[in-house]
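Notes for the structure review
Letter by letter, the chains look like this.
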Amino acid sequence: MPIFTESYLNDLIDETEQQLSQEISCIFQRFSIAVTTGVSTYTLSPVPVGILEITWKGRTIYPYDPEDWQGDPYVKPQVQGVQGQPKWYNRVSYGWDKIFFYPIPNETIAADDTNLSTDTGIASRVIVSCYRLADPNSDSIRMPTYLFRNIMKYRAMERAYLREGPNQNLQASEYFKKKYDGFLKNYTSFINKIPQAVQLGFGGEAKSAFGRKPHRPILPTSGKWSIS
């Protein structure tokens, strides 16, 4: 008779995939949001792990450091009712699934994800580019198989043997934890060596597990990492 049920282990594997997708940001997605004149706060769906860029009809909206809100005369409470084309966004104090625009939008724009890669689509939508959590129930929004298959069993078994009950085995849990941590360290070390574009000035708020904004998913055209 199995020590753990198959459904229980599958739940742990799903949790592991979601956790790994947060620690190693690699699931990129772009989507548009609907905005309404006079409304400043919006709910994001899907919920981003980290926002890389937000554009308003092709113009970049920059992330605003919450500390700057305290001393900037242009965002004091008495002037936060100003409407106009948004120039900044903020997520602090609004939750992971919400975003605040300033100035408050003065235009109503519908959401439409059908042409976000064309000049026409970009110039007519509010677009969020982000990394997001894996969705185990999806066929496409998943961790890459080659990255996930070798590590999921270690995290799942660590959690399973840590569970209180007659099958608890702390030594086995610690063994699988070390295996998981080792694989995670190797993966982050590998990704850390992939060439990245130089980031200047304002950037998105997404942070990778190794302390900086993740690179754009584009390989160079020359050198040992090239695709030619």
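Quick summary incoming for the structure in this document. For clarity, every value in this text was computed on a predicted model and none was experimentally measured. (Residues numbered from 1 in each chain as written. Predicted model: local features only at pLDDT ≥ 70, side-chain atom pairs only at ≥ 80, totals over all residues. Heavy atoms only, no water.)

Another aspect to go through is the sheet that holds strand β3 (residues 48-56). Spatially, the seven strands line up as an open sheet ordered β1-β9-β3-β4-β6-β7-β2, and their pairing is mixed. In the strand order of this sheet, the two ends are held by β1 (28-33) and β2 (41-43), each with one partner. The sheet shows a mean angle of 30° between the axes of neighbouring strands, taken without regard to direction. Where β3 and strand β4 (residues 59-63) come together, three bridges link them in antiparallel fashion. Looking at the pairing, Trp-56 lines up with Arg-59 of β4. (Pairing = 2+ DSSP bridges. Helix = DSSP H or I, 4+ residues; strand = E, 2+ residues; numbered from the N terminus. Axes fitted to C-alpha atoms, helices over the stretch in contact; angles between N-to-C directions.)

What follows concerns the packing of helix α1 (residues 6-23) against helix α5 (residues 152-162). Axis separation between α1 and α5 bottoms out at 9 Å; the angle between their running directions is 120°. It follows that α1 is oblique to α5 by the angle criterion. Both α1 and α5 take part in a crossing whose hand is right-handed. Facing α1, whose interface residues are Tyr-8, Leu-9, Leu-12, Ile-13, Glu-15, Thr-16 and Gln-19, α5 presents Met-152, Arg-155, Ala-156, Met-157, Arg-159 and Ala-160. Looking at the contact of α1 with α5, its residues break down into eight nonpolar, two polar and three charged. (Parallel < 35°, antiparallel > 145°, perpendicular 65-115°, else oblique. Left-handed = near helix turned anticlockwise from the far one by under 90°. Contact = heavy atoms within 4.5 Å. Nonpolar A, V, L, I, M, F, W, Y, C, P; charged D, E, K, R; others polar.)

Another point: the pairing of strand β7 (residues 98-102). The element β7 is largely enclosed, with a buried count of four among its five residues. Judged from the three bridges that link them, β2 and β7 form a sheet pairing that is antiparallel. The residue of β7 that forms the bridge with Thr-43 is Lys-98. Strand direction decides the pairing type here: strand β6 (residues 88-90) and β7, joined by three bridges, are antiparallel. Each bridged residue has a counterpart across the sheet, and for Tyr-89 the counterpart in β7 is Phe-101. (Buried < 20%, exposed > 50% of the residue type's maximum accessible area, 1.4 Å probe, protein only.)

Considering all chains together, one arrives at seven salt bridges under this definition. Its salt-bridge partner being Asp-112, residue Arg-125 comes within 3.6 Å of it at the nearest N-O pair. Of the two residues, Arg-125 sits in the loop between α3 (119-122) and β9 (126-132) while Asp-112 sits in the loop between β8 (104-105) and α3, which places them 13 residues apart along the sequence. Between Asp-181 and Lys-177 there is a salt bridge whose closest N-O contact spans 2.8 Å. A residue pair is termed a helical-turn pair when its members lie 3 or 4 positions apart in one helix, as Asp-181 and Lys-177 do in helix α6 (residues 170-192) at four residues. Given the relative accessible area of 33%, Asp-181 is considered partly exposed. (Salt bridge = Lys/Arg side-chain N within 4 Å of Asp/Glu carboxyl O.)

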